[in-house]
Structure formats: structure tokens, C-alpha cells
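# A closer look at the structure
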Amino acid sequence: MRPEHITLRNNSLTARAHGIVSDVNPRKLRGAIVGCGYFGQIQLEAWRRMDCAEIIAACDADIARATASAEHAYTDPLEMLTRHKLDFVDIATRPDTHLSLVQLCVDNGLPVIVQKPMAPNLAEASEMLRLAQTTGIPVMVHENWRWQPWHREMKLRLDAGVIGKPFGYHFTMMNNDGLGPSPYPNQPYFSAMPKLLIFESLVHPVDLTRFYFGEIRKVFAVKRRRNPLIAGEDRALLVLSHDGDVDGVVEGQRYLQPEPPGPAMGHSLIEGELGRLVTLANGDLLLNGHLIWQNQTTLGYKGDSVRATQEHFISCLNEGKEFESSAARYFGTFAAVDAAYLSADQERALAPQV
Ligand SMILES: NC(=O)c1ccc[n+]([C@@H]2O[C@H](COP(=O)([O-])OP(=O)(O)OC[C@H]3O[C@@H](n4cnc5c(N)ncnc54)[C@H](O)[C@@H]3O)[C@@H](O)[C@H]2O)c1
């Protein structure tokens, strides 16, 4: 099916800096979710507060989770897709299942939003990209960090030239949940993942660097494991070079809270020829040390960024526009993460395979 054939009826949504808000009442789109675990619940809570869409059915391998999540509950995604007339599917399972579930949605002509990381490896992420490109069915990766309101605000200032031409950055991401005998209480399965911090967490600031500075040309990475009870890395440093002559560092660990603590889980510092922009972990934005925007969002996940991501998805479906994080546009983020692991193993800088 080509994109214009699945363009939905209403063109009345208008984009605003922080997401997409409707000015008249569009038809409510009907969706289904696959995966009702830790993050699926966060997505469901955001869907429930949205006027433009509703989740009418839920699927989880654990039927109790599906039953608690929507009016109609399934353990078999195909059965769910064939029993209901849907406008879209939201996939919130872990990466191993993403490709097969996206394939199922695409085979049924259904637009899909799928959680990051796209896939467990570059081959499956490439196959997902190929599926999206050859069928024309809209496939969006759920990347909510670029929808955190402080990042939308900082991008507006950067694009307006308040610090002139950017040349460097330092983005951090951290939490104090990775040490001790029971690390990662929200997602205990993290302990068994051979690729952990860069793959699961630093993928967010890596995507932010592309949001701010464009394509990544080169990656050099180092990684370590401090907690001996986990399989993957829990500390990493990435040096990234971008097309527009910007270089920067993405740094992360799961031992300490940021100072001050807050939903952004670290700071984002951008340096330009005329000054510095900094977003603190609490979401406040500084220009050359002076507070210029204060985070006052208390609702939802990290500045209500999940809701903003989902609103963007629905708005693009309604307007027939490409998502900011369509499979095609997001692939460079996945490829940079993949290159970071190869770089750390080979101890040399590498270009992402895009
Ligand atoms: N964007 C973010 O900020 C963010 C934060 C946390 C997690 N995530 C992502 O969300 C995804 C899910 O992570 P999680 O921590 O919620 O995992 P989870 O294990 O808590 O939940 C996954 C759920 O999917 C179900 N499931 C698995 N395979 C299934 C299948 N084939 N059919 C039906 N149900 C199936 C499981 O039973 C489970 O309930 C991951 O890709 C993770 O990286 C994103």
C-alpha cells in the first residue's frame, strides 16, 4: 500500500513547537498495542490522555497484562489484528520481537510505531527499513527524548542563532540504579543483556545529537562494566563527529544521579561561537549561565515526552507527513550505536554503516 492510500481523513492538525495539538476535533484513530510491560504501561497512560486516538485492544504474552490494559485482550497479535478494524499498531515489546511484529503490521497494511532500539542487530534494523521503504506503510520508531520539551526549546534557540554556529557538545545520561546485587529494578532483564548501556540508554542522547547537529560521520567509543553481576557495559564514552563540523561527547553511567537530579537524567551542553546553551537534568535551560526557560511539566513521562511522541505519530498519519523518526530517518541513530560497539571492540574510530 502506498502512503497516500493510508493517509487518514483529517488535515486539521497543526504542529507546534512542543508537539502537535488539534485545533478542531479530528476522527479518533483506533489503535492496538502489543507489549503491556514496564514501558507499555507508560505508553498506555499517555494514550488515555489523548483526544486524537484510543487503544481499543491489547496483546501480551501474559494475558493478565493484556486484560488490564484494554477492553479487548489477546495473546496472539495476528488474531488481534484480524478481529478489529484498526488504524495503527503500537509495539512496546523488547527489540528481539520488533522486526517480526512490524512485518505482521505491514503485511496487514497497518501503520506502526515501534519502540527503540529498532532491532537486536543491524541486519534486522536494515530489514525493517527495507520493509518500510518497499511497502510505503508508515513505520515510526518511538524515540521520545527529542520530544522532551526542554530539547524542543533548546533546538528553537540553537536554530535562532543565540549561540552562533555550534562547534561542540557534551551530553550525559546517568542514574544510580546499576550497582549492587539487584540492579535496574524497573527492568531487571537489563542484567542479562550483552549490549546494555549504549544500546538501551545512550541511544537516546545519540539520537539527540542527530536532532541537533545532523548526520554522524564518525564514532569512537570506549566502554566498561563495573557491576560484575551484569553481562553488558554500564559505563561508556562516545566521541562523535557530525557532517556540519560539530564534534562532541556522549557520556553515560548507571552509578550516580546527576546533580541536580531530574527527568532529563543528565545535562546537555552545546557550545557555539557566541556562547553556551545548557539543559540541566531538571529540564531548566540556561544561556551563558542565565536561566532562560524553566521546566514546569509535572505530568507524564519525562516532560510528557511519550505523549508528545505519540501525538506526532498520529498527526503525521492524519497529514500524510513523514515522521521525524521514521524508520528511514532514524536508521542513522541505530547505525551509530552499532558502530560504537564495533569501535570499542576494535579500539578505533568508525563510520556508521548507513
Ligand atoms: N523510550 C524510552 O524511554 C524507553 C524506556 C524504557 C523501555 N523502552 C523500550 O521499551 C521496550 C519494552 O521494554 P520494557 O522494559 O517495557 O519490557 P518488558 O519486558 O517490561 O515488557 C515487554 C512486554 O512484552 C510482552 N511480549 C513480549 N513478546 C511478545 C509477543 N511476541 N507478543 C505479545 N507480547 C509480547 C511481554 O510479555 C512483556 O509484558 C524495549 O524496546 C525498551 O528498550 C523505552
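What comes next is a walk through the structure. (Residues numbered from 1 in each chain as written. Predicted model: local features only at pLDDT ≥ 70, side-chain atom pairs only at ≥ 80, totals over all residues.)

## Quick notes on the overall build of the chain
Each helix and strand in the chain was counted, giving 10 helices and 16 strands. Relative to a compact globule of 354 residues, whose C-alpha radius of gyration would be 20 Å, the chain shows 20 Å and is just as compact. For the C-alpha atoms alone, the extent of the chain along its principal axes is close to 55 × 45 × 40 Å. By sequence separation, contacts in the chain at least 24 residues apart represent 66% of the contacts at least 6 residues apart. (Helix = DSSP H or I, 4+ residues; strand = E, 2+ residues; numbered from the N terminus. Rg over C-alpha atoms; globule rule 2.2 N^0.38 Å. Contact = placed C-beta atoms within 7 Å.)

## Some thoughts on helix H7 (residues 149-160)
Given a rise of 1.5 Å per residue, 12 residues ought to cover 16 Å, and the 17 Å separating the end C-alpha atoms of H7 matches this to within 8%. Buried within H7 we find Pro-149, Trp-150, His-151, Glu-153 and Met-154. Residues of H7 that are buried sit in contact with helix H8 (197-213), strand S13 (268-272), strand S14 (275-279), strand S15 (285-287) and strand S16 (290-293). Two residues or fewer past H7, Gly-161 is found with a positive phi of approximately 85 degrees. (Expected span 1.5 Å × (residues − 1). Buried ≥ 20, exposed ≤ 12 C-beta atoms within 10 Å, placed from the backbone.)

## Here we look at the site of the ligand
For the ligand, the set of nearby residues contains 25 residues, the closest of which are Gly-35, Gly-37, Tyr-38, Phe-39 and Ala-61. A total of 3 residues in the shell around the ligand trace back to one element, the largest contributor, which is helix H2 (residues 38-48). (Near = placed C-beta within 6 Å.)

## Things to note about the packing of H2 against helix H9 (residues 305-319)
Where H2 contacts H9, the two axes come as close as 9 Å, and the packing angle between them is 65 degrees. Judged on the interaxial angle alone, H9 and H2 are roughly perpendicular. Crossing handedness for the pair H2 and H9: right-handed. Residues Ile-42, Gln-43, Ala-46 and Trp-47 of H2 form the contact with H9, whose participating residues are Val-306, Arg-307 and Gln-310. Taken together, the residues of the contact of H2 with H9 sort by class into 4 nonpolar, 2 polar and 1 charged. (Axes fitted to C-alpha atoms, helices over the stretch in contact; angles between N-to-C directions. Parallel < 35°, antiparallel > 145°, perpendicular 65-115°, else oblique. Left-handed = near helix turned anticlockwise from the far one by under 90°. Nonpolar A, V, L, I, M, F, W, Y, C, P; charged D, E, K, R; others polar.)

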